[in-house]
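Understanding the architecture of this molecule
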Amino acid sequence: MLSSLLQHGTLKQFLNDSCKSNDYKLCKYKDALPANTHYFLWNENSPLNKEGGLGAMSGEMNHIIHISFTSQQYLIPYVKSSIIASLKQLVSYTAADCPPFTSTTDIYAAVSQYLPHELVSFSIAKQNTTGLSNVIQVYNYSAIALILLSLILMAANMFTIKTISINIQLLTWFCFTLIVFNALECGIFSSLNGRYSSRVLWLLPLCAILSLKNRRNPLFIS
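Computed from a predicted model, the values in this text were never measured in an experiment.

On to the overall build of the protein chain. Along the backbone of the protein chain there are twelve helices and zero strands. On C-alpha atoms alone, the protein chain measures out to a radius of gyration of 23 Å, which is more than a quarter above the 17 Å that the 2.2 N^0.38 rule sets for 222 residues. Seen along its three principal axes, the alpha-carbon backbone of the protein chain occupies a region of about 65 × 55 × 30 Å. A buried classification covers 35% of the 222 residues belonging to the protein chain.

What follows is the structure, given as structure tokens:
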């Protein structure tokens, strides 16, 4: 919810309206809120973590969240923004390209503490040296191609729907419902990120493969 408030502009709007009469800790950062929600939540130099992190700020943030969802002034714009974000999430299928985890990062410290025998391999891994951007770019293009191919196959089979098992039809509609629900969940309660859609990407080729089973034999035997 915290990243969602920032993503949809609600946090900035709330601070602009409230800081004149309230002494919130985040007021000093209201004109310098980061656009990147991941940075806001986890970077040690973000406004949130400069003020003690989620633990120290939980009371203030819970108060802001409560007001944001009980006031039409903030709720209506939030809903509109959530709908747009959900639609964007529905068509975003990418893998995350994480930055190198150097000796100053929490992940490096965790590996050093709990898996010291893996630290050398971790440090010289391709992700931490030359990066994985080229590999990830190939994946992203492949994902788009796979989605388009799957949709074309399913659309083509719509003309022969009478020959497709009712169970396959129901499963296909169920999978589409899950994909839409995933986009809504992320658009409303989190931030826009292509990897959130990638985790359900496999449902589309599954439905496409099953739609090729052009016969009335039930897919599932009861």
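What follows concerns a nonpolar patch on the surface. Side chains of Y141, I144, L148 and I152 sit close together on the surface and give an oily, nonpolar patch of about 440 Å² of accessible area. Residue placement: L148 occurs in helix α9 (residues 133-157).

Here we come to the confidence of the model for the protein chain. Chain-level pLDDT for the protein chain is 86 on average; 94% of the residues reach the 70-or-more range. In the model, residues 215-222 has pLDDT below 50 throughout and makes 17 contacts with residues more than four positions away in sequence or in other chains.

On to the packing of helix α2 (residues 10-18) against helix α6 (residues 72-90). The interhelical angle for the contact between α2 and α6, taken along N-to-C directions, is 160°, at an axis separation of 10 Å. Put simply, α2 runs roughly antiparallel to α6. Two packed elements cross with a definite hand, and for α2 against α6 that hand is right-handed. For the pair formed by α2 and α6, the contact residues are T10, Q13, F14, D17 and S18 on the first element and Q73, Y74 and Y78 on the second. In terms of residue class, the contact of α2 with α6 is made up of three nonpolar, four polar and one charged.

Right, let's get into the nonpolar core. Soluble, globular proteins show a tendency: their nonpolar side chains are buried together. Core analysis: the biggest nonpolar cluster contains 20 residues, and L11, L15, L26, F40 and M61 have the highest contact counts within it. Listing elements by their share of this core, those giving two or more residues are α1 (2-7), α2, α3 (37-42), α5 (53-68) and α6. In this structure, L11 is in contact with L5, L6, L26, L33, F40, M61 and I64, ignoring residues within four places of it in sequence. Membership of the second largest hydrophobic core comes to twelve residues, among which are Y93, C175, V200 and L204.

Axis separation between α6 and helix α10 (residues 166-189) bottoms out at 8 Å; the angle between their running directions is 135°. Between α6 and α10, the angle falls in the class oblique. Crossing angle aside, the handedness with which α6 passes α10 is right-handed. Side by side, α6 and α10 meet where Y78, S82, A85, S86, Q89 and L90 of the first sit next to I179, V180, A183, L184, C186, G187 and I188 of the second. Looking at side-chain class alone, the contact of α6 with α10 contains nine nonpolar, four polar and no charged residues.

Our focus in this paragraph is the pattern of salt bridges. Per the counting criterion, the structure on display carries three salt bridges. Note that K28 is salt-bridged to E51, the shortest N-O span being 3.4 Å. Of this pair, K28 sits in the loop between α2 and α3 while E51 sits in the loop between α4 (47-50) and α5, placing them 23 residues apart in sequence. For K28, a relative accessible area of 59% corresponds to the exposed category. What makes E51 buried here is its relative accessible area of 16%. Several salt bridges converge on common partners, so that one network encompasses K12, K30 and D31.

The subject of this paragraph is α5. At G59, α5 shows its maximal bend, which comes to roughly 55°. Looking at α5, one finds that the buried residues are G53, M57, E60, M61, I64 and S68.

Let us now look at α10. An ideal rise of 1.5 Å per residue puts 34 Å on 24 residues; α10 measures up with 34 Å between its terminal C-alpha atoms. Burial in α10 covers these residues: I168, T172, C175, I179, N182, A183, C186 and G187. In this fold, the buried residues of α10 make contact with α6, α9, α11 (194-198) and α12 (203-211).

Attention now moves to the side chain of T37. Summarising the element assignment, T37 is placed in helix α3. What T37 contacts, discounting residues up to four positions off in sequence, is S3, L6, Q7 and S191.

Scoring rules and cut-offs
- Note on numbering: residues in each chain are counted from 1, in written sequence order.
- pLDDT decides what is reported in this predicted model: residues at 70 or higher carry local features, side-chain atom pairs at 80 or more are listed and counted, and totals for whole chains, interfaces and linings draw on all residues regardless.
- Excluded from the side-chain calculations are hydrogens and water; all other atoms, namely the structure's heavy atoms, are used.
- Starting at the N terminus, helices and strands are each numbered in turn, a helix being any DSSP run of H or I of at least four residues and a strand any DSSP run of E of at least two.
- Here the radius of gyration uses the C-alpha set of atoms, whereas the globule reference equals 2.2 Å times the residue count to the power 0.38.
- For every residue, the accessible area (1.4 Å probe, protein chains only) is compared with the maximum for its type, and the residue is labelled buried under 20%, exposed over 50%, or partly exposed between those bounds.
- Two distance rules govern patches: like charges are joined within 9 Å, and nonpolar side chains (Val, Leu, Ile, Met, Phe, Trp, Tyr) within 5 Å, applied only to residues with over 30% relative accessible area and no salt bridge.
- For every accessible area listed, the method is Shrake-Rupley and the probe measures 1.4 Å; residues are considered covered only by the protein chains on display.
- Salt bridges are identified by distance alone: a Lys or Arg side-chain nitrogen within 4 Å of an Asp or Glu carboxyl oxygen.
- pLDDT: the predictor's confidence for each residue, scored from 0 to 100.
- Whether two residues are in contact is decided by their heavy atoms, any of which lying within 4.5 Å being enough.
- Fitted lines through C-alpha atoms serve as axes, helices being fitted only where they are in contact, and the angles separating the N-to-C directions of these axes extend from 0 to 180 degrees.
- Should an angle fall under 35 degrees it is called roughly parallel, over 145 degrees roughly antiparallel, and 65 to 115 degrees roughly perpendicular, with every other angle called oblique.
- A clockwise turn of the near helix away from the far one marks a right-handed crossing, whereas an anticlockwise turn of less than a right angle marks a left-handed crossing.
- Polarity classes work like this: nonpolar for Ala, Val, Leu, Ile, Met, Phe, Trp, Tyr, Cys and Pro, charged for Asp, Glu, Lys and Arg, and polar for all others, with Gly in that last group.
- Take the buried residues of types Ala, Val, Leu, Ile, Met, Phe, Trp, Tyr and Cys, join any two whose side-chain atoms come within 4.5 Å, and each joined set is a nonpolar core.
- In this scheme, the bend at a residue equals the angle between the axes fitted to the seven residues that finish there and the seven that begin there.
- Helix span is expected to be 1.5 Å times the residue number reduced by one.

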